[in-house]
Amino acid sequence: MPPDQEALRKIPSVEKMLQALASGDPEIFSRIPRSVATGIVRSALADLRKRVAKGASVEDPFEDVRATLGRFADTRITPVINGTGVLIHTNLGRSPVAAAAAETLASVASSYSNVEIDLHTGARGPRAKFLEACLATLCRSEAATVVNNCAAGLVLVLQHLAAGEKNEVIVSRGELVEIGGGFRIPEILEASGAKLIEVGATNKTHLADYERAITDRTGLLLKVHRSNFYMEGFTAEPETSELAALAKKSGIPFMHDLGSGAMMQTDQLAPLEHETTPWETLAAGCDLVCFSGDKLLGGPQAGIIAGRADLIAGIKKTPFYRAVRPDKVIFTLLQETACAYLDAASGETKGLPEIPVVQMLAIKEDALLPRAESITKALSDSRIKIGEGTARCGGGTMPKSSIPSVTLEFHLEESELEPFAFDLRTGRPGIVGYIDSGIFKLDLRTIFPHQDEKLISALKNSLLK
Ligand SMILES: *Cc1c(COP(=O)(O)O)cnc(C)c1O
């Protein structure tokens, strides 16, 4: 089909389109720098011309380009209300940090700071000394250090302990996991120059399997938390203390990749399974643990390595350590997060730390119900009901457990469901819920009480459409 010359002529120039946008939707330029918008508009128009040349009919070029630009503007990072009931939602930035930590960060980040100066001598000082001491206390370990994320921590430990002649790392076949985002334990090992020695079977690995695999080329015995799945049925694995004893007897370091970094007894917080804490596995004889900063710990993205002081000192000397060192932003958030735990544990009240994920895990449904009632009352819409939900930890943590929760249910026509969900997601702030059994739901456990007002007005708007 020959291109529709008339339709092609109707497609405006970049300049004309930008002018039309400036008068038709001026707000868009408060969300996208104009020079970036120009580039997006240029490629959107080129795309439009291509489509028209191929015979596609385009009703309104302005609307077409405006939608592309709007969609791009929605990728700018901004707060989102999480109604999914998944506490550690990787797509939504994993754990929100404590408000107090964010407040401290605001003052540190927008100023100079003592991140690497000894204020007593005026000379260069150690980075993260205070933070490392806090983390070691929290983990009840000899020493601790911090890198960009847990994956980097793992690579560092492998490069330090599983290199050269002794590059073999023994891992159970039941723990060769993919954590998500393409992070696979076997591939990480390979990329670090380590040689993976798989032992046991998927469902069963015995101490003797490890024992047989140990040679004079073994550099490390590695235990990996399964995180995002669990095994049930005909399964077996040695106790951590048995593995630790074997490692010690053989003179091989033993590391436990914990993943989530629980600093509380999760089974006492909520109806959850027990998540191994760093001090439990260290007390069982592990030499090193590593875990994420932004999973159950409730801090920023970071990888914490804790354990034997001599090993940590060695890790800090590897060249790669410099490549994965965090900055003042991470240090400050993590420092305030660690202090929140330490202060809560040593305070008179022995209360829970003001860490959002910890609070969200611990909150009782009785406390969520009045919020649900006042929201439904404010909306007074017969299509909205209060329901029961099941919140989850997420972030590859405690996949077996679900926590009873309270939801707002929106009983809409089936054809209205997706448009309603879209409308909420693309509002400001965006609100993310889920559709379950033909009902759109928002779980209140993961919505901060201070967001209720915004939620109500956004819902009012979307329900009127
Ligand atoms: C999540 C996870 C990781 C990766 O942590 P990041 O901080 O995202 O790099 C590594 N190991 C385990 C067991 C995990 O659960």
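Just above sits the structure.
Cut-off values and rules
Residues numbered from 1 in each chain as written. Predicted model: local features only at pLDDT ≥ 70, side-chain atom pairs only at ≥ 80, totals over all residues. Heavy atoms only, no water. Helix = DSSP H or I, 4+ residues; strand = E, 2+ residues; numbered from the N terminus. Expected span 1.5 Å × (residues − 1). Buried < 20%, exposed > 50% of the residue type's maximum accessible area, 1.4 Å probe, protein only. Arc of directions from axis to C-beta. Contact = heavy atoms within 4.5 Å. Near = heavy atom within 4 Å. Polar contact = N/O pair within 3.5 Å; in protein donor to acceptor, adjacent residues only side chain to side chain. Areas by Shrake-Rupley, 256 points an atom, 1.4 Å probe, with all protein chains shown as cover. Nonpolar A, V, L, I, M, F, W, Y, C, P; charged D, E, K, R; others polar. Salt bridge = Lys/Arg side-chain N within 4 Å of Asp/Glu carboxyl O. Pairing = 2+ DSSP bridges. Axes fitted to C-alpha atoms, helices over the stretch in contact; angles between N-to-C directions. Right-handed = clockwise from strand over helix to strand, strands pointing away.

Draft legend 1. Fine view of helix α20 (residues 452-464). With 13 residues, α20 extends 18 Å from end C-alpha to end C-alpha; this agrees with the ideal 18 Å at 1.5 Å per step. Taken together, the buried positions of α20 are D452, L455, I456, A458, L459, S462 and L463.

Draft legend 2. Spatial organisation of helix α14 (residues 309-317). Within the sequence span of α14, burial applies to L311, I312, G314 and I315. Taken around the axis of α14, the buried residues stretch over an arc of 160°, which confines them to a single face. Buried residues along α14 sit against β3 (143-147), α8 (150-161), β10 (288-292), β11 (303-307) and α15 (319-323).

Draft legend 3. Region of the structure containing the site of the ligand. The immediate surroundings of the ligand are formed by R94, N149, C150, A151, I179, F183, H225, S227, D257, G259, S292 and K295. Here C150 contributes a backbone N or O atom positioned 2.9 Å from an oxygen atom of the ligand. Measuring from an oxygen atom of the ligand, one finds a side-chain N or O atom of S227 at 2.6 Å. Burial of the ligand by the protein chains amounts to 94% of its free accessible area of 380 Å². Among the residues forming the shell around the ligand, the class breakdown is 4 nonpolar, 5 polar and 3 charged.

Draft legend 4. Region of the structure containing the pattern of salt bridges. The full count for this structure, using the stated rule, is 26 salt bridges. R9 is the partner of E6 in a salt bridge, and the nearest nitrogen-oxygen pair spans 3.4 Å. Linking E6 with R9, this pair stays in helix α1 (residues 5-10), spanning 3 residues, or about one helical turn. A residue is classified by how much of its surface remains accessible, and E6, at 46% relative accessible area, is partly exposed. The salt bridge involving E168 is made with K195; its shortest N-O contact spans 3.9 Å. Remark: K195 occurs in strand β7 (residues 195-199) and E168 occurs in strand β4 (residues 168-172); sequence separation between them is 27 residues.

Draft legend 5. Broad picture of the sheet that holds strand β2 (residues 86-88). Ordered in space as β2-β12-β13-β16-β15, the 5 strands form an open sheet in which the pairing is mixed. Each edge of the open sheet is held by one strand with a lone partner, namely β2 and β15 (434-436). Recorded for the sheet is a direction-independent mean angle of 45° between the axes of neighbouring strands. As paired elements, β2 and strand β12 (residues 384-394) share 2 bridges and run parallel to each other. Residue I88 lies in a different strand from β12, and its bridge partner there is G394. The sheet contacts of helix α19 (residues 414-425) involve β13 (397-410), β15 and β16 (439-443), and relative to β16 the element is tilted by about 30°. With respect to the sheet, α20 is in contact with β12, β13 and β16, its orientation differing from that of β13 by roughly 60°.

Draft legend 6. Seen up close, the pairing of strand β9 (residues 254-259). Counting buried positions along β9 gives 6 out of 6 residues, so the element sits mostly inside the fold. Alternating positions in β9 separate into two faces, F254, H256 and L258 on one and M255, D257 and G259 on the other, with burial throughout. With 4 bridges joining them, strand β8 (residues 218-224) and β9 adopt parallel strand pairing. Bridge pairing links K223 to H256 in β9. With helix α11 (residues 240-250) bridging β8 and its parallel neighbour β9, the resulting β-α-β unit is right-handed.

Draft legend 7. Here's a closer look at unusual backbone geometry. The amide bond that connects R428 to the next residue, P429, takes the cis arrangement and shows omega of 0°. Among the secondary structure elements, P429 is positioned in the loop between α19 and β14 (430-432). Positive phi is not limited to glycine here, since R94 has a value of about 50°. With respect to the element layout, R94 can be found in the loop between β2 and α6 (99-109). The phi dihedral of A128 is positive, around 60°, even though this residue is not glycine. In this fold, A128 is placed in the loop between α6 and α7 (129-139). With relative accessibility at 11%, the residue A128 sits in the buried group.

Draft legend 8. Examining the pairing of β16 more closely. For β16, a buried count of 5 out of 5 residues is recorded, marking the element as mostly surrounded by other parts of the structure. On β16, burial covers both faces: I439, K441 and D443 on one face and F440 and L442 on the other are all buried. Sheet topology places β13 next to β16; 4 bridges connect them, and they run antiparallel. When the bridges of β16 are listed, E409 appears paired with K441. Here β15 pairs with β16 via 3 bridges, running antiparallel.

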